[in-house]
Amino acid sequence: MKPTSTNRTILLIEDERPLVSVIKAKLINAGFDVVTARTIDQGLGYMEDIEAIEAVWLDHYLPGNKTGLDFIATLKAPGSKWVNAPVFVVSNTASDANLRTYLRLGVTKYFVKAEHRLDEISNDIKTFLDSEQE
Amino acid sequence: MKKQPTKKKTILVVEDERALLNVVNDKLEKSGFNVISARSVDEVFSGATNKEDLGGLSIRTIYKALDYLDDLRDIDAIWLDHNLLGKENGVDLVIKLRANGKQWQKIPIFVISNTENPETIQSYLDLGKSKYYVKSNHRLDEIIDDINLFLDDANNKS
């Protein structure tokens with residue numbers, strides 16, 4: 001037996017350290033267990049390794065050549081076991097083209113960071129996941 | 001295939017993210033380690049229950065870690081995250097361990113963190129026998145293989 005938790009686990013992919021701490025605290029408050037990654041590849045590695053992950057909070061701009069779009073493209077590729085995994089993009093990069101691409105690729109919801117408080121987004125994600133389960 | 005060591009090595013895992021910790025514990029156990037852990041005060045289990053009932057025990061705060069270390073004489077290695085629950089981080093833990101007598105000065109510490117800050121990394125290296133991994137640059141299995149190699153190598157030298 002190992003320590004268990006009834007909390008849902010969410011993967012937070014965000015590279016700015018101060019922001020990571022704040023978002024993580026909000027998600028924990030909303031009732032999540034949080035795993036953090038700061039690059040796309042680390043996030044994809046955790047999806048492979050950590051089966052408990054039920055949802056993803058994804059930033060658009062990340063270190064390296066890849067953006068959140070690369071993450072989604074891999075995660076939602078035809079035949080992928082994560083086709084139905086809920087992914088929430090939280091970014092200020094709300095160009096219409098980006099937004100449409102995310103939604104076309106199967107993102108659950110796109111939050112423009114400047115328009116929402118972080119705790120509001122966290123609670124919104126929690127509510128969404130809880131309602132899905134019913 | 002890796003040869004099974006004659007005596008199981010014991011590793012202490014200190015990581016604040018529960019889901020990650022569970023996976024790390026599983027992987028280390030599969031790789032032949034005896035994994036030791038303790039939960040922080042907000043966890044349900046008491047220390048005593050932990051040791052008897054749980055295969056893996058994890059430490060999410062510094063004070064919990066130090067409590068357990070006083071009891072544990074057989075730790076071969078420490079897996080340490082930099083950012084932990086509470087005000088103190090992995091560097092604080094290493095400083096306290098190193099100050100706590102000779103037995104802790106020889107234990108290899110593997111710091112596995114998201115932090116790429118050169119100053120943070122240097123403070124671990126300055127504190128002695130530590131190895132630093134930036135989480136985003138390594139898969140978990142890779143780090144575990146590396147720890148096994150390091151410990152086998154150290155064993156052969158002694």
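Residues numbered from 1 in each chain as written. Chains lettered and ligands numbered in written order. Predicted model: local features only at pLDDT ≥ 70, side-chain atom pairs only at ≥ 80, totals over all residues.

Regarding the overall build of chain B
Assigned secondary structure in chain B consists of six helices and five strands. Shown N-terminal to C-terminal, the secondary structure of chain B runs as helices and strands in the order β-α-β-α-α-β-α-β-α-β-α. Here chain B holds 158 residues, and the buried ones make up 37% of them. Of the contacts made within chain B by residues no fewer than 6 positions apart, 58% connect residues no fewer than 24 positions apart. (Helix = DSSP H or I, 4+ residues; strand = E, 2+ residues; numbered from the N terminus. Buried ≥ 20, exposed ≤ 12 C-beta atoms within 10 Å, placed from the backbone. Contact = placed C-beta atoms within 7 Å.)

Section: the overall build of chain A
Helix and strand content of chain A: five helices and five strands. Secondary structure of chain A in N-to-C order comes out as β-α-β-α-β-α-β-α-β-α. Against the compact-globule benchmark of 14 Å for 134 residues, chain A has a radius of gyration of 14 Å, which places it among compact chains. Seen through its principal axes, chain A has C-alpha atoms that stretch 45 × 35 × 30 Å. Of all 134 residues assigned to chain A, the portion counted as buried reaches 36%. Sequence separation of at least 24 residues holds for 62% of the intrachain contacts in chain A that already meet a minimum separation of 6. (Rg over C-alpha atoms; globule rule 2.2 N^0.38 Å.)

Concerning the sheet that holds strand S2 (residues 32–37) of chain A
Residue and element names in this part refer to chain A. What the five strands build is an open sheet, ordered S2-S1-S3-S4-S5; its pairing is parallel. The open sheet is flanked by S2 and strand S5 (109–112), the only strands paired with a single partner. Strand-to-strand, the axes of this sheet are offset by a mean angle of 25 degrees, without reference to chain direction. In this structure, strand S4 (residues 87–91) lies alongside S5, joined through four bridges in parallel fashion. Directly across from Ser91, in S5, lies its bridge partner Val112. Strand contacts of helix H3 (residues 68–75): strand S1 (8–13), strand S3 (53–58) and S4, with the helix running at about 170 degrees to S4, the strand carrying the most contacts. (Pairing = 2+ DSSP bridges. Axes fitted to C-alpha atoms, helices over the stretch in contact; angles between N-to-C directions.)

Things to note about the packing of H3(A) against helix H4 (residues 96–105) of chain A
Residues and elements named next belong to chain A. Contact geometry for H3 and H4: axes closest at 10 Å, N-to-C directions at 15 degrees. One way to sum up the angle between H3 and H4 is to call them roughly parallel. Between H3 and H4 the crossing geometry is left-handed. Contacts between H3 and H4 involve Leu69, Ile72 and Ala73 from the former and Thr101, Tyr102 and Leu105 from the latter. Residue composition of the contact of H3 with H4, grouped by class: five nonpolar, one polar and no charged. (Parallel < 35°, antiparallel > 145°, perpendicular 65-115°, else oblique. Left-handed = near helix turned anticlockwise from the far one by under 90°. Nonpolar A, V, L, I, M, F, W, Y, C, P; charged D, E, K, R; others polar.)

A closer look at the sheet that holds strand S5 (residues 130–134) of chain B
Residue and element names in this part refer to chain B. Read from one edge of the open sheet, five strands run S2-S1-S3-S4-S5, paired in parallel fashion. Lying at the two open borders of the sheet, with one neighbouring strand each, are strand S2 (33–36) and S5. With strand direction ignored, the average angle separating the axes of adjacent strands in the sheet is 20 degrees. Sheet topology note: the strand S1 (residues 9–14)/S2 ladder contains four bridges and is parallel. Considered in S2, the bridge of Ile11 is made with Val35. The sheet contacts of helix H5 (residues 118–126) involve strand S4 (109–113) and S5, and relative to S5 the element is tilted by about 160 degrees.

A look at the pairing of S1(A)
For a regular strand, side chains alternate in direction, first toward one face of the sheet and then toward the other. All names here are of chain A. Counting buried residues in S1 gives six out of six residues, a clear majority hidden from the surface. Every second residue of S1 is oriented toward a common face, with Arg8, Ile10 and Leu12 on one face and Thr9, Leu11 and Ile13 on the other, all of them buried. Of the pairings in the sheet, the one linking S1 to S3 comprises five bridges and is parallel in character. Residue Thr9 lies in a different strand from S3, and its bridge partner there is Ile53.

Here's the deal with the pairing of S4(B)
Residues and elements named next belong to chain B. Counted residue by residue, S4 has five buried out of five residues, so it is predominantly covered. Here S4 shows two buried faces, one formed by Ile109, Val111 and Ser113 and the other by Phe110 and Ile112. Taken together, the three bridges between strand S3 (residues 77–80) and S4 define a ladder with parallel strand orientation. If you follow Ile78 over to S4, its bridge partner there is Ile109. Bridge count between S4 and S5: five bridges; the pairing is parallel. Paired with Val111 across the two strands is Tyr132, which belongs to S5. After leaving S4, the chain enters H5 and then returns to the sheet as S5, a path that is right-handed. (Right-handed = clockwise from strand over helix to strand, strands pointing away.)

Let's talk about H3(A)
Residues and elements named next belong to chain A. The complete set of buried residues in H3 reads Gly68, Phe71, Ile72 and Leu75. Seen end-on, H3 carries its buried residues on one side only, within an arc spanning 95 degrees. Looking at the buried side of H3, the elements it contacts are S1, helix H2 (40–49), S3, S4 and H4. (Arc of directions from axis to C-beta.)

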